Amino acid sequence: MALGKATAVVIGSFPLGESDRVVTFFSRERGKIRGVAKAARRMRSRFSGALELLTVGHLVFFDGGRSDLVQVDHFDVIHPFDRVRDDLERLGQAAWMAECVGRLTGDRDPNPAVYGLLLRGLKSLELGIAPRRVAVVFGLRCIEALGHRLRIDACVLCGRRRPADRGPVPVDVEGGGTVCAGCAAGADLLHLDAGSLATLRRLRGLSWEEATGSRLGRAGRELRELLERQVGGLIGQPTRTSRFVREIERFSPILGGEERQ
Ligand SMILES: [Zn+2]
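Residues numbered from 1 in each chain as written. Predicted model: local features only at pLDDT ≥ 70, side-chain atom pairs only at ≥ 80, totals over all residues. Heavy atoms only, no water.

A. Up close: the coordination of the zinc ion. Donor atoms from the polypeptide that coordinate the zinc ion comprise Cys155 (SG), Cys158 (SG), Cys180 (SG) and Cys183 (SG), at 2.3 Å from the metal. Taken together, the 4 donor atoms surrounding the zinc ion define angles of 102 to 116° at the centre, an arrangement classified as tetrahedral. Counting gaps between the donor residues of the zinc ion yields the pattern C-x2-C-x21-C-x2-C. A residue pair is termed long-range when its members are at least 10 positions apart, and Cys158 in the loop between α4 (131-145) and β6 (168-172) and Cys183 in helix α5 (residues 181-184) qualify at 25 residues. (Donors = N, O, S within 2.8 Å, 3.2 Å for Na, K, Ca; no water. Tetrahedral: all angles 85-135°; square planar, octahedral: opposite > 155°, others 65-115°. Helix = DSSP H or I, 4+ residues; strand = E, 2+ residues; numbered from the N terminus.)

Here it is, written out as structure tokens:
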């Protein structure tokens, strides 16, 4: 059995058998790693709370090489991000970010850029930046880092450059970008406000701090929906966390993303 080490974030877990837990980590060095944490659900587990969602730590594991699952030996907490877990709205958006990483990346396929983005996102949420805005900035960059950047300067079907527009713009999310009026005729497409597309373009040119520091207004909600649709299309179903996020927003309209500054 080979001994492995990595710096990793807990991005998911589920119970296994009587007392074990299967934990999904996203690590800087090795990408996604899934492992069994033996007896993690016992009262006196040696992991004692370290394996909570979003916790960052030093992971030590044994890799038998015969299964996709490694055996988790240690997980020493570097940063628990408990301030993110303690707030429902932050937790909802953070769980969505973790799900995006978990479902859009393959096992043991390192992507340091995506790891860095996830950590930045969690830090911004911890600092109290509007959760939906953090999720939008994270989602746009994560999707681009994984090679799924939407084309918004021209029609993805005929290649004609998109004129400066007002009002709603048809977007073929699965097709990869905006569509001209001629090609959109009769198709059931998402429509995005021209202002939201302008915001998307602007966000691409900003640093992380500038992007998370600028108000998105109405575009925030539209871009968040666009991202959910894009991620859902890539994984073949809606994300599990999207419903959770919608419920939270429905019950806390005053807290809803942009309103809380
Ligand atoms: Zn066209």
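B. Representation of the environment of Gly35. Mapped onto the elements of the fold, Gly35 is located in strand β3 (residues 31-37). Gly35 gets classed as buried once you look at its relative accessible area, which sits at 0%. Along the chain, Gly35 and Phe25 lie 10 residues apart, while their C-alpha atoms are 8.0 Å from each other. Look past the residues within four positions of Gly35 in its chain and what remains in contact with it is Arg21, Val22, Val23, Leu69, Val70 and Val72. (Buried < 20%, exposed > 50% of the residue type's maximum accessible area, 1.4 Å probe, protein only. Contact = heavy atoms within 4.5 Å.)

C. Representation of the nonpolar core in the model. Phe138 and Leu226 are the most contacted members of the largest nonpolar core, which totals 51 residues. The contacts of Phe138, once residues within four sequence positions are left out, are Met97, Cys100, Val101, Leu117, Leu118 and Trp208. Formed by 16 residues, the second largest nonpolar core is a distinct cluster that contains Ala6, Val10, Ala37 and Ala50. (Core = buried A, V, L, I, M, F, W, Y, C linked by side-chain atoms within 4.5 Å.)

D. Structural context of empty space enclosed by the protein. Within the structure shown, the criterion is met by 1 cavity of 30 Å³ or more. There is about 50 Å³ of room inside the largest cavity. Every residue lining the largest cavity is listed: Leu140, Ile143, Glu144, His148, Arg149, Leu150, Leu200, Arg204 and Gln230. Among the elements of the structure, α4 and α6 (194-204) are those that each provide at least two residues to the lining of the largest cavity. Classifying every residue of the lining of the largest cavity gives 4 nonpolar, 2 polar and 3 charged. (1 Å grid on protein atoms, 1.4 Å probe; cavity = no way out; pocket = protein on both sides within 12 Å on 5 of 7 lines; lining within 4 Å. Points joined across faces, edges and corners; volume = space filled by probe spheres on them. Nonpolar A, V, L, I, M, F, W, Y, C, P; charged D, E, K, R; others polar.)

E. Seen up close, unusual backbone geometry. Look at Ala39: it is not a glycine, yet its phi comes out positive at around 60°. Relative to the helices and strands, Ala39 is located in the loop between β3 and β4 (56-63). Even without a glycine there, the phi angle at Arg108 is positive, about 50°. Mapped onto the secondary structure, Arg108 falls in the loop between α2 (88-104) and α3 (112-126).

F. Examining helix α8 (residues 218-235) more closely. For α8, built from 18 residues, the straight-helix expectation of 26 Å at 1.5 Å per residue is met to within 8% by its first-to-last C-alpha distance of 27 Å. Looking at α8, one finds that the buried residues are Ala219, Gly220, Glu222, Leu223, Arg224, Leu226, Leu227, Glu228, Gln230, Val231, Gly232 and Ile235. Looking at the buried residues of α8, the elements they touch are α2, α4, β6, β8 (190-193), α6 and α9 (240-251). Of the residues one or two after α8, Gly236 is the one with positive phi, at around 85°. (Expected span 1.5 Å × (residues − 1).)

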